[in-house]
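Chains, contacts and geometry: an overview
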Amino acid sequence: EGRTGTLERTGTLERTTTQRPRLYRVLLLNDDYTPMEFVVEVLRSYFRKAESEAQLIMLAVHHKGQGVAGVYTRDVAETKVAQVMAHARQQGHPLRLVAEPEA
Ligand code: TYC
């Protein structure tokens, strides 16, 4: 009937479409002090990028100011931001990341 679900005898709303979770971009932000090699290692170890792609993303961020490290559900995106920033602080680097919803 043009609805997204049907109300069964049990009162259960049975959906005919599948809901997907909203996705969040983890953005890597440029700064003047974090070493390029450190950023590449972060992209490899936390965002599972190959060396060559990690280099490309790091250089894009260095030149344009920010770039996408990865796209995840909200919990995963926020956890990555917190873990990487904690790791960067531990090593004395000011690296910053933010999570933002797609579209
Ligand atoms: N701009 C930094 C430098 O010149 C490198 C850098 C790249 C820092 C990407 C942060 O997200 C970043 N050492």
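Residues numbered from 1 in each chain as written. Predicted model: local features only at pLDDT ≥ 70, side-chain atom pairs only at ≥ 80, totals over all residues. Heavy atoms only, no water.

An unreviewed UniProt entry annotates the protein chain as ATP-dependent Clp protease adapter protein ClpS originating from Deinococcus metallilatus. UniProt annotates the protein chain under Sequence similarities (unreviewed entry) with the comment "Belongs to the ClpS family." (UniProt positions renumbered as here; feature names shortened; annotations may be inferred.)

The subject of this paragraph is the layout of surface pockets. Put simply, the largest pocket is a space of about 160 Å³. The set of elements that each furnish at least two residues to the lining of the largest pocket consists of β3 (23-29), α1 (36-45) and α2 (51-64). For the lining of the largest pocket, the leading source of residues is α2, giving three residues. Taken together, the residues of the lining of the largest pocket sort by class into eight nonpolar, three polar and two charged. (1 Å grid on protein atoms, 1.4 Å probe; cavity = no way out; pocket = protein on both sides within 12 Å on 5 of 7 lines; lining within 4 Å. Points joined across faces, edges and corners; volume = space filled by probe spheres on them. Helix = DSSP H or I, 4+ residues; strand = E, 2+ residues; numbered from the N terminus. Nonpolar A, V, L, I, M, F, W, Y, C, P; charged D, E, K, R; others polar.)

By size, the foremost hydrophobic cluster in this structure holds 21 residues, and its most contacted members are Val26, Leu28, Leu43, Phe47, Leu95 and Leu97. Elements that contribute at least two residues to this core include exactly β3, α1, α2, β4 (66-73) and α3 (74-90). Looking at this core element by element, the count peaks at five residues for α1. Ignoring anything within four residues of it in the chain, the contact list for Phe47 reads Val26, Val42, Ala69, Gly70, Tyr72, Lys80, Val84 and Leu97. (Core = buried A, V, L, I, M, F, W, Y, C linked by side-chain atoms within 4.5 Å. Buried < 20%, exposed > 50% of the residue type's maximum accessible area, 1.4 Å probe, protein only. Contact = heavy atoms within 4.5 Å.)

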